[in-house]
Amino acid sequence: MAKLVKVATCNLNQWALDFRGNLMRVEESIREAKAKGCTFRTGPELEIPGYGCEDSFLEQDTFMHSWESLAQLLASDLTCGILCDVGMPVMHRNVPYNCRVVCLDKKIIGIRPKFCLANDGNYREMRHFTPWFIEPSSPGFGALEDYFLPSVVQEVTGQLKVPIGVFAVAALDTAVSFETCEELFTPNAPHIALSLAGVEIIANGSGSHHQLRKLDTRIDLVRSATAKSGGVYLYANQKGCDGGRLYFDGCAMVWINGELVAQGSQFEGFDEVETVAAVVDLADVRSKRSNFIARSYQAHT
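Below: a short report on this structure. Model, not experiment: these values are computed from the prediction.

Rules and cut-offs
- Residues numbered from 1 in each chain as written.
- Predicted model: local features only at pLDDT ≥ 70, side-chain atom pairs only at ≥ 80, totals over all residues.
- Heavy atoms only, no water.
- Buried < 20%, exposed > 50% of the residue type's maximum accessible area, 1.4 Å probe, protein only.
- Helix = DSSP H or I, 4+ residues; strand = E, 2+ residues; numbered from the N terminus.
- Arc of directions from axis to C-beta.
- Polar contact = N/O pair within 3.5 Å; in protein donor to acceptor, adjacent residues only side chain to side chain.
- Core = buried A, V, L, I, M, F, W, Y, C linked by side-chain atoms within 4.5 Å.
- Contact = heavy atoms within 4.5 Å.
- Axes fitted to C-alpha atoms, helices over the stretch in contact; angles between N-to-C directions.
- Left-handed = near helix turned anticlockwise from the far one by under 90°.
- Nonpolar A, V, L, I, M, F, W, Y, C, P; charged D, E, K, R; others polar.
- Phe/Tyr/Trp six-rings, centres within 6.5 Å; stacked < 30°, edge-to-face > 60°.
- Salt bridge = Lys/Arg side-chain N within 4 Å of Asp/Glu carboxyl O.
- Lys, Arg positive; Asp, Glu negative; His and termini not counted.
- Pairing = 2+ DSSP bridges.

**So, helix H8 (residues 282-290)**
Residues Leu282, Val285 and Arg289 constitute the buried set of H8. Around the axis of H8, the buried residues are gathered within 55° of arc, so they sit on the same side. For H8, the side-chain oxygen to backbone nitrogen distance between the N-cap and Ala283 is 2.9 Å, and the N-cap itself is Asp281.

Below you can see the structure in the form of structure tokens.
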């Protein structure tokens with residue numbers, strides 16, 4: 001069983017509705033991750049259209065152009081040999097969701113919709129998206145549904161439908177799952193249940209703007225999540241101004257068991273793509289978890 005895994009997260013300077021430029025930056029981050037030997041890459045929230053599209057998220061074209069961009073990505077060989085977690089909007093049964101689309105080897109593994117939306121302070125996500133509904137009485141995060149892919153993607157991947165919902169990707173040597181931005185900040189954050197279920201690597205694609213001492217809050221939250229539950233946590237973010245009124249401060253990070261092992265810049269530099277890679281030892285995760293008896297009891301029950 002493999003123990004060492006090389007993973008990548010990134011800061012991207014995306015622009016609202018700059019589909020061509022945004023895709024180029026997503027592609028470059030994947031190239032850099034592969035060049036560094038990584039087998040998993042995560043990116044910022046809504047990185048395909050840009051986070052700050054505002055009421056353009058109410059237009060069907062924004063969703064279709066996002067799928068066209070993803071189809072172009074899947075038509076290349078960039079996703080071959082690397083699991084890629086990409087942020088974009090998805091319309092399912094005429095309901096708009098803020099999603100992570102998980103890809104590998106020119107195929108879509110699944111779509112993970114956000115279920116805790118940011119809707120206070122500067123954020124108005126519920127104006128544009130709907131939280132993914134999870135039945136309170138259902139076990140875990142509820143059942144997966146079928147999502148029928150648009151024809152522009154079917155033609156590239158040969159897939160008719162893929163699962164949509166909250167899930168983990170099981171590899172031969174580990175399990176990977178996902179949070180999106182605000183979900184990290186919630187009291188009953190999904191990483192708690194995911195970690196107890198045996199997920200060892202959790203990725204968070206964020207669109208988190210700069211606010212005085214907000215980075216301290218993010219660091220405290222990720223440190224706490226990985227120190228208490230054990231595991232690897234990748235945080236990705238946008239950087240710069242995407243055309244709206246917010247400034248994103250980047251600072252992508254990789255944590256393991258409460259320890260920071262890699263961090264991107266905050267504000268600094270003119271690079272539109274900053275890929276942060278780290279080697280993590282999954283044996284450390286397994287050792288920490290198995291020797292934390294109270295955690296093992298909760299995981300067992």
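**Observations concerning the nonpolar core**
Nonpolar side chains in soluble globular proteins tend to be buried together. Ranked by internal contacts, the top residues of the largest apolar core, which has 52 residues, are Trp67, Leu70, Val90, Val101, Ile108, Ile111 and Tyr147. If near-sequence neighbours (up to four positions away) are discounted, Trp67 is found in contact with Met88, Val90, Ile108, Ile111, Tyr147, Leu149, Pro150, Val152 and Val153. Membership of the second largest hydrophobic core comes to 22 residues, among which are Val102, Phe178, Val232 and Val276.

**Quick look at the packing of helix H1 (residues 19-35) against helix H2 (residues 60-75)**
One can describe the packing of H1 onto H2 by two numbers: an axis separation of 10 Å at closest approach and a directional angle of 35°. Between H1 and H2 lies a crossing of right-handed hand. For the pair formed by H1 and H2, the contact residues are Phe19, Leu23, Glu27 and Ile30 on the first element and Thr62, His65, Ser66, Ser69, Gln72 and Leu73 on the second. The residue makeup of the contact of H1 with H2, split by class, is four nonpolar, five polar and one charged.

**Section: the packing of aromatic side chains**
For any pair of aromatic rings, the description rests on two quantities: the centre-to-centre distance and the angle between the ring planes. Across all of its chains, the model carries nine aromatic pairs by this definition. Ring plane angle 75° and centroid distance 6.0 Å describe the contact between Tyr51 and Phe248, whose orientation is recorded as edge-to-face. Of the two residues, Tyr51 sits in the loop between strand S2 (40-42) and H2 while Phe248 sits in strand S12 (residues 247-249), which places them 197 residues apart along the sequence. Summarising the aromatic geometry, the rings of Tyr97 and Trp132 are spaced 5.2 Å apart at their centres and angled 65° between planes, so their arrangement reads as edge-to-face. Residue Tyr97 is found in strand S4 (residues 95-104), and its partner Trp132 is found in the loop between helix H3 (125-128) and strand S6 (145-148); the two are separated by 35 residues along the sequence.

**Here we look at the pattern of salt bridges**
Proximity of charged atoms lets side chains of opposite charge pair with each other. Applying the stated criterion across every chain, the model contains 15 salt bridges. Here Asp18 ties to Arg25 by a salt bridge, and the two come within 2.9 Å at their closest N and O atoms. In this structure Arg25 comes out as buried when scored by relative accessible area, which is 8%. For Arg286, the salt bridge goes to Glu200, with nearest N and O atoms at 2.8 Å. Taken as a pair, Arg286 in helix H8 and Glu200 in the loop between helix H6 (190-196) and strand S10 (201-205) lie far apart in primary sequence, 86 residues in all. The exposure class assigned to Arg286 is partly exposed, which follows from its relative accessible area of 22%. What emerges from the salt-bridge pattern is a single network uniting Arg41, Glu47, Asp85 and Arg100.

**Some words on the environment of Glu182**
With respect to the secondary-structure elements, Glu182 resides in helix H5 (residues 182-185). For Glu182, a relative accessible area of 19% puts it in the buried group. When the C-alpha atoms of Glu182 and Pro163 are compared, they prove to be 23 Å apart, with 19 residues separating the residues in sequence. Those residues in contact with Glu182, other than ones at most four positions away along the chain, are Lys114, Cys116, Leu117 and Ala118.

**Section: the side chain of Lys214**
Tracing the sequence through the fold places Lys214 in helix H7 (residues 214-229). Buried and without a salt bridge, Lys214 has Asp249 as its closest oppositely charged side chain, separated by 7.1 Å. A polar contact of 3.4 Å, which involves the side chain of Lys214, links it to the side chain of Tyr123. In this structure Lys214 touches Tyr123, Ser208 and His209, once residues within four positions along its chain are discounted.

**A look at the pairing of S4**
In regular strands, side chains alternate between the two faces of the sheet. In terms of burial, S4 is a largely internal element, eight of the 10 residues being buried. Here strand S3 (residues 83-92) pairs with S4 via nine bridges, running antiparallel. Among the inter-strand pairings, Cys84 is bridged to a residue of S4, identified as Cys103. As consecutive antiparallel partners, S3 and S4 are separated by two residues, and within that stretch Arg93 has a phi angle of approximately 55°, a positive value. Bridge count for S4 against strand S5 (residues 107-113) is six bridges, and the pairing is antiparallel. Looking at the pairing, Leu104 lines up with Lys107 of S5. Taken together, S4 and the strand that follows it, S5, pair antiparallel across an intervening segment of two residues, in which Asp105 is found at a positive phi of about 55°.

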